[in-house]
Every structure is written in structure tokens, then in C-alpha cells.
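The primary structure of each chain is shown beneath.
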Amino acid sequence: MTNPPAADRARLALGRVLGVRPAVVAAAPGRVNLIGEHTDYNDGLVMPIAIARCCAVAAAPRDDGLIRIVAADLPAPGNTSEYEFSAPPPDVRGRWQAYVFGPAALCAARASGRVGADVAIASDVPMGSGLSSSAAAEVAVATALLAMWRVRLSPLGLAQLCQRAEHEFAGVPCGLMDQLASVFGREGFAMLIDCRENLVEHVPLPAASEAVFVVADSGVRHSLAAGEYAARRAMCAAAAGAMSIRSLRDACEGLIERSALTREQRDCALHVVRENDRVRAFASAMRAGDLRCAGAQMSESHASLRDLYRVSCGELDTLVCAAEAVPGVFGSRMTGGGFGGCTVTLCEPDSVAALLVALDTALRGAHGNPCRAFVAKPASGAHLLVQR
Ligand code: GLA
């Protein structure tokens, strides 16, 4: 395991800004969701990979109940904060501090005695691009502090603690996919996750000599806190309520058509039911090495997110359309919450060069922006790099 560059920046900042040596250094990856979008909070199926871009945290203990934090990638002033765990929780919604203080406070509540910490954070996961920079930060903070304070927590418990931090401190009512992916990632494997049981099954992916996943950034930054995400979630809950079922996982197309739903509720419910089927088909196709079938599921997923769930945007549609016209591409879709962020494309390795040119040309032509893209390799989940 090579140290991600973010770990070096975090370590340096801890010494330079806070004047202490790290007792622990932890890293946690971002993720790309291959398929299964807006299904996690409907008890459904998702299939992400962790990527080799990490958020890293370096920390040292204190015994005075204080936490001092520094964001290594931000300029001073404004890159440091200090809080007391026993004081009323600060309002950090919409601020970077939420992703450090939130998980730290929840870890401190589980530790014995009066714990405190000096924490430096740095990240190589681009923010707001739909690659789960927030989950990577939360999981890196919690992995470092639980180890430093010697608190035992299962991997699932760790993911759930981080999701709770995002709900309570960042104010985003996210599902559990991103945190699970950041914790359970495995090199060479995707994760097929059943979000009703929180079961994670590792599914081997084709070798990089056969097929690769290319992630392309639309350049449009989204903010899940902006309300659309919460609105979709509420719409799904209302649709399930109107059908008297626990969640949309229990719906089927017949029930949806028979029920008195609004047009929006119907469309959202249909997306979720069909998306769960597509995840199953995608996982089987991957196991069988049927890349054409896997790619077709991805392309259908995008069309459904665009037309039924309505979380795409012009830039994402442009990228998907451009990708699908390149020979050797099996399928393409938006990934993550939507309204901007990235697309993910499954293609033959020999097509990558042509794909990168096509994506850049299309985005510049239609929207005037360059397109940054990279090959995403399935990487391992959160881990400790240093523990003294
Ligand atoms: C965001 C959320 C996830 C999931 C996706 C959409 O990434 O954090 O929980 O709901 O959107 O699939």
C-alpha cells in the first residue's frame, strides 16, 4: 500500500500548524457508483467501487476535551477551528468543519474518559463531483480517532456512525452507500450491497486488460444539501406510504400502476423498481464477463435517471451521449446524486484515448468546459497508515 499524497499533506499540516506529531494516520477512499442510483435510501441494491483517491487524517491525542482541526488544503485564515466536546454542538451545517467535527463528536461519545484530539485533514477526492468526498472525510476521521482512542466498532458500525454524522452535522439525509463503499472497498472488486440488510458482497471485476471504468467530471458542482436530494427522498417515502408498503424495495410495476400516485411519485417508484433489477442484471453480467449486457444496464440506468427520476443535467447527458458514440464503449451513465458531478463509462482499454478526446470535445462544444477524466481502478477501503 503506497501512502496517498493526501496523507503527507495531513501529516505536515499537523506538525506545522498545530505543532504535534501524529499518533495515527488514516486514509479512506472516495467511490464511484457503477449502478444502483437513488436506491440505497429505498432499501434497494447498489454496486459501487472504492477508488484510489483518498481523504487522509493525521491525529494526535489531547486530554482536555478539546478538538483542534486544520484543513491542510485550505488557505489560512479560515482553515483552523477549535471546539469543546462537552459544549453544546456548534452549527457547522454547510461548512467543511461538519465532516470533521461531526464524526469526531460521535466517536468521542463512545470513548471512555475525557478525550480530545488535534486533527489535520487533506483530500485527493475532488469535492462536489459525486465521488463521495464527504463520506471519505467522515470515514477517514472516524477510522483515525476510533483507533487513537481505542474504541472498538464493527466496519458496519463505522459506516453507520459516519452516515449519522452526515445527517446530524452536515444536514444531508443521505443513504448508507457512500460510507459503506469507503469502508468495504476491495482492490479488483465491486461491492454488491443490499441496503435493506446492509449486506456487502464483493464481486470480481474484469481484468483491466479486458475492460475499464472511465470517470468523467462534468465540471458542474452539486450540493446535496440544496434540497433536491431531500425532495426525492421524501417523494419516495410518500410513494411507499401511498402504496402501504415499507419502502420502494417492496414495490413492483403492477402495484405502482394500480395505485393512486401522483405522476412524480409514479415515475420515481418505477425508476427504483427497475434500477434494482438493473443492478441484479449488471452483477450477473459482470460475473459472466458479459460486458455488452453490463453496459446496456448502465445506459438504461442513465435514461431512467434523466427521464423518470429527473436528476441529470445537460452536461451529464452530453457526456453520456458522446461516450456511447465511441467504438468499444459498452455503456455510460451519470454516477452519484446527480445535478452535476461525474459520469462513469465502461469500455475496452483500447478505446480510452478516443473516449477522452470525445468527452472533452463534446463538453467544450456544448457547454464551453473542458472535461477532466480518469480511469477508476477498484481500490481498497479505509485503513490505518500509522498507529503509534
Ligand atoms: C448520494 C448519497 C447516497 C446515494 C446517492 C444516489 O451519493 O450520499 O447515499 O443516495 O447520492 O444514489
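Everything that follows concerns the structure shown earlier in this document.
Owing to the predicted nature of the structure, the values given are computational and were not obtained by experimental measurement. (Residues numbered from 1 in each chain as written. Predicted model: local features only at pLDDT ≥ 70, side-chain atom pairs only at ≥ 80, totals over all residues. Heavy atoms only, no water.)

1. Re the packing of aromatic side chains
Logical step 1: Taken as a whole and assessed by the stated rule, the structure comprises five aromatic pairs.
Logical step 2: Seen in terms of ring centroids, Tyr 41 and Tyr 229 are 5.4 Å apart; in terms of plane orientation they differ by 70 degrees. Their pairing is edge-to-face. With Tyr 41 in the loop between strand S1 (24–35) and strand S2 (45–62) and Tyr 229 in helix H6 (residues 228–242), this residue pair connects regions lying 188 residues apart in the sequence. Summarising the burial analysis for this pair, Tyr 41 and Tyr 229 share the class buried.
Logical step 3: Seen in terms of ring centroids, Phe 85 and Phe 101 are 6.0 Å apart; in terms of plane orientation they differ by 25 degrees. Their pairing is stacked. (Phe/Tyr/Trp six-rings, centres within 6.5 Å; stacked < 30°, edge-to-face > 60°. Helix = DSSP H or I, 4+ residues; strand = E, 2+ residues; numbered from the N terminus. Buried < 20%, exposed > 50% of the residue type's maximum accessible area, 1.4 Å probe, protein only.)

2. Describing the pattern of salt bridges
Logical step 1: Inspection of the entire model under this criterion finds 24 salt bridges.
Logical step 2: The shortest N-O distance in the salt bridge between Arg 306 and Asp 307 comes to 2.8 Å.
Logical step 3: On the basis of relative accessible area, Asp 307 is assigned to the partly exposed category, the value being 41%.
Logical step 4: Where salt bridges share partners, they join Glu 257, Arg 263, Arg 266, Asp 267 and Arg 310 into one cluster. (Salt bridge = Lys/Arg side-chain N within 4 Å of Asp/Glu carboxyl O.)

3. A look at helix H3 (residues 133–148)
Logical step 1: Spanning 16 residues, H3 covers 23 Å between terminal C-alpha atoms, matching the ideal 22 Å at 1.5 Å per step.
Logical step 2: Most of H3 is tucked away: 15 of the 16 residues are buried.
Logical step 3: Of the residues flanking the end of H3, it is Arg 150, one or two places downstream, whose phi is positive at about 55 degrees. (Expected span 1.5 Å × (residues − 1).)

4. Digging into the site of the ligand
Logical step 1: Lining the immediate surroundings of the ligand are 13 residues, of which Glu 37, His 38, Asp 40, Asp 178 and Tyr 229 lie closest.
Logical step 2: One of the side-chain N or O atoms of Glu 37 is found 2.6 Å from an oxygen atom in the ligand.
Logical step 3: Interatomic distance of 2.7 Å between a backbone N/O atom of His 38 and an oxygen atom of the ligand.
Logical step 4: Across the shell around the ligand, the residue classes break down as five nonpolar, four polar and four charged. (Near = heavy atom within 4 Å. Polar contact = N/O pair within 3.5 Å; in protein donor to acceptor, adjacent residues only side chain to side chain. Nonpolar A, V, L, I, M, F, W, Y, C, P; charged D, E, K, R; others polar.)

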